[in-house]
Amino acid sequence: MGKLFVSNHPIIAHKLSIMRDENTPNDVFRHMLDDISALMCYEITKDLQLDEYELKTPIKQTTGKRLSGQVVLVPVLRAGLGMLDGLAKLIPNVKIGHIGLYRDHETHKPVKYYCKLPSNIENSEIIVVDPMLATGGSAVDAIQMLKDEGCRNIKFLCLVSAPEGVEFLQRSHEDVDVYTCALDEKLNENAYIVPGLGDAGDRIFGTD
Ligand code: PRP
Ligand code: URA
């Protein structure tokens, strides 16, 4: 079973509460999501491997360190785009893939509409990002699309998750570690997370 990491960082809790507030305007919502993504970047990249190399400081020869693997971020469109920059600005030489999925309003099942991935990503460290893990259908399908391309080292990062979604994701992809800022109570009858923050895509982009 993959690891489940639930943040208990006070700054993340503070900013996430602002995001949950229905009166928070779109620009503040986007800003908070960007900040939280950067803070979570620290956690999700903690176990990346390093190589050593020789360098010379102005004082003497010494050993430097650099990331040994290729990191690829994969936002699930649309809402995953809101987390992209917070991570991408911190990870050296990062590449980015895009997976487009939307939830059908009646069935709540994900519908695929886009996939563009960097070439030769089989051995990369993949981080799939999407603010909301509700039923888990979108995350499970996005990860399956990556596995179908040969990817093996996959982590999933979200902002808010429901127990139902975490359970479905961990059962469907036992090798994938899940990182979340909050594990909420449940889903409602429309498969929205309770208390959640509403529709993440709409709140990021100002649509409804
Ligand atoms: C939201 C969210 C996830 C999905 C989560 O996307 O960003 O992708 O729902 O729900 P699930 O766990 O039940 O699959 P949505 O379908 O609203 O599309 P959008 O990002 O384009 O708004
Ligand atoms: N998608 C969202 O944006 N919010 C939810 O609560 C569930 C799915």
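Predicted, not measured: the structure shown is a model, and the values here were computed from it. (Residues numbered from 1 in each chain as written. Chains lettered and ligands numbered in written order. Predicted model: local features only at pLDDT ≥ 70, side-chain atom pairs only at ≥ 80, totals over all residues. Heavy atoms only, no water.)

Caption draft 1: Local environment of the overall build of the protein chain. Across its full length, the protein chain holds six helices and 15 strands. Relative to the 2.2 N^0.38 estimate, which gives 17 Å for 208 residues, the radius of gyration of the protein chain is 18 Å and therefore close to what a compact globule would have. Principal axes of the C-alpha set define a box for the protein chain whose edges measure 65 × 35 × 30 Å. Taking the intrachain contacts of the protein chain between residues at least 6 apart in sequence as the baseline, contacts between residues at least 24 apart amount to 63%. When the accessible area of the protein chain is evaluated, it comes to approximately 10,900 Å², of which 49% is carbon and sulfur surface. Computed over 22 positive and 30 negative side-chain charges, the inter-centroid distance for the protein chain is 7 Å. (Helix = DSSP H or I, 4+ residues; strand = E, 2+ residues; numbered from the N terminus. Rg over C-alpha atoms; globule rule 2.2 N^0.38 Å. Contact = heavy atoms within 4.5 Å. Areas by Shrake-Rupley, 256 points an atom, 1.4 Å probe, with all protein chains shown as cover. Lys, Arg positive; Asp, Glu negative; His and termini not counted. Charge placed at Lys NZ, Arg CZ, Asp CG, Glu CD.)

Caption draft 2: Molecular detail of the site of ligand 2. Neighbouring ligand 2 are Arg103, Met132, Ala134, Ala191, Tyr192, Ile193, Gly198, Asp199 and Ala200. The backbone of Ile193 places a nitrogen or oxygen atom 2.8 Å from an oxygen atom of ligand 2. Gly198 places a polar main-chain atom, nitrogen or oxygen, 2.8 Å from a nitrogen atom of ligand 2. (Near = heavy atom within 4 Å. Polar contact = N/O pair within 3.5 Å; in protein donor to acceptor, adjacent residues only side chain to side chain.)

Caption draft 3: Spotlight on the packing of aromatic side chains. According to the stated counting rule, one finds two aromatic pairs in the structure shown. Plain terms: the ring middles of Tyr102 and Tyr113 are 6.1 Å apart, the flat faces sit at 35° to each other, and that makes the pair tilted. Highlighted residues: Tyr102 in strand 6 (residues 98–103) and Tyr113 in strand 7 (residues 110–116), separated in sequence by eleven residues. The aromatic ring of Tyr53 is capped on one face by Arg66, whose charged end is 4.0 Å from the ring centroid. (Phe/Tyr/Trp six-rings, centres within 6.5 Å; stacked < 30°, edge-to-face > 60°. Lys NZ or Arg CZ within 6 Å of the ring centre and 35° of its normal.)

Caption draft 4: View of the site of ligand 1. Neighbouring ligand 1 are 15 residues; Arg103, Asp130, Thr135, Gly136 and Ser138 lie closest to it. Contact between ligand 1 and Asp130: an oxygen atom at 2.4 Å from a side-chain N or O atom of the residue. One nitrogen or oxygen atom from the side chain of Ser138 is found 2.6 Å from an oxygen atom belonging to ligand 1. Bound to the protein, ligand 1 loses 91% of the 500 Å² it would expose on its own. Elements that contribute at least two residues to the shell around ligand 1 include exactly strand 6, strand 9 (132–133) and helix 4 (137–148).

Caption draft 5: Geometry of the pairing of strand 3 (residues 61–67). Inspection of the sheet shows strand 2 (residues 50–56) paired to strand 3 by seven bridges, in the antiparallel sense. Looking at the pairing, Lys56 lines up with Gln61 of strand 3. Where strand 2 hands over to strand 3, the hairpin turn is made up of four residues, counted between the paired strands. (Pairing = 2+ DSSP bridges.)

Caption draft 6: Spatial organisation of helix 3 (residues 81–88). The buried fraction of helix 3 amounts to six of the eight residues, a majority that puts the element mostly inside the structure. Listing the buried residues of helix 3 in full gives Gly82, Met83, Leu84, Gly86, Leu87 and Ala88. At its buried positions, helix 3 is contacted by helix 2 (26–44), strand 4 (71–77), strand 5 (95–96), strand 8 (125–129), strand 10 (153–157) and helix 6 (200–205). (Buried < 20%, exposed > 50% of the residue type's maximum accessible area, 1.4 Å probe, protein only.)

Caption draft 7: Layout of the pattern of salt bridges. Overall, the coordinates contain nine salt bridges when judged by the stated rule. The partner of Lys147 in a salt bridge is Asp175, and the shortest N-O contact between them spans 2.7 Å. Of this pair, Lys147 sits in helix 4 while Asp175 sits in the loop between helix 5 (163–172) and strand 12 (177–180), placing them 28 residues apart in sequence. (Salt bridge = Lys/Arg side-chain N within 4 Å of Asp/Glu carboxyl O.)

Caption draft 8: Structural detail: the side chain of Asp177. Note on placement: Asp177 falls in strand 12. Buried and unpaired, Asp177 has Lys3 as its nearest opposite-charge partner, separated by 4.5 Å. Of the polar contacts made by the side chain of Asp177, one reaches the backbone nitrogen of Lys3; its length is 2.7 Å. Once you skip the residues sitting within four places of it in the chain, Asp177 turns out to touch Gly2, Lys3, Ile154, Lys155 and Phe156.

Caption draft 9: Just unusual backbone geometry, in detail. The omega torsion across Leu77 and Arg78 is -5°, close enough to zero to call that bond cis. Here Arg78 lies in the loop between strand 4 and helix 3. In this model, Val194 is joined to Pro195 through a cis peptide bond whose omega is 0°. Inspection of the secondary structure puts Pro195 in the loop between strand 15 (193–194) and helix 6. At Ala191, a position not held by glycine, the phi torsion is positive, near 65°. Note on placement: Ala191 falls in the loop between strand 14 (186–187) and strand 15.

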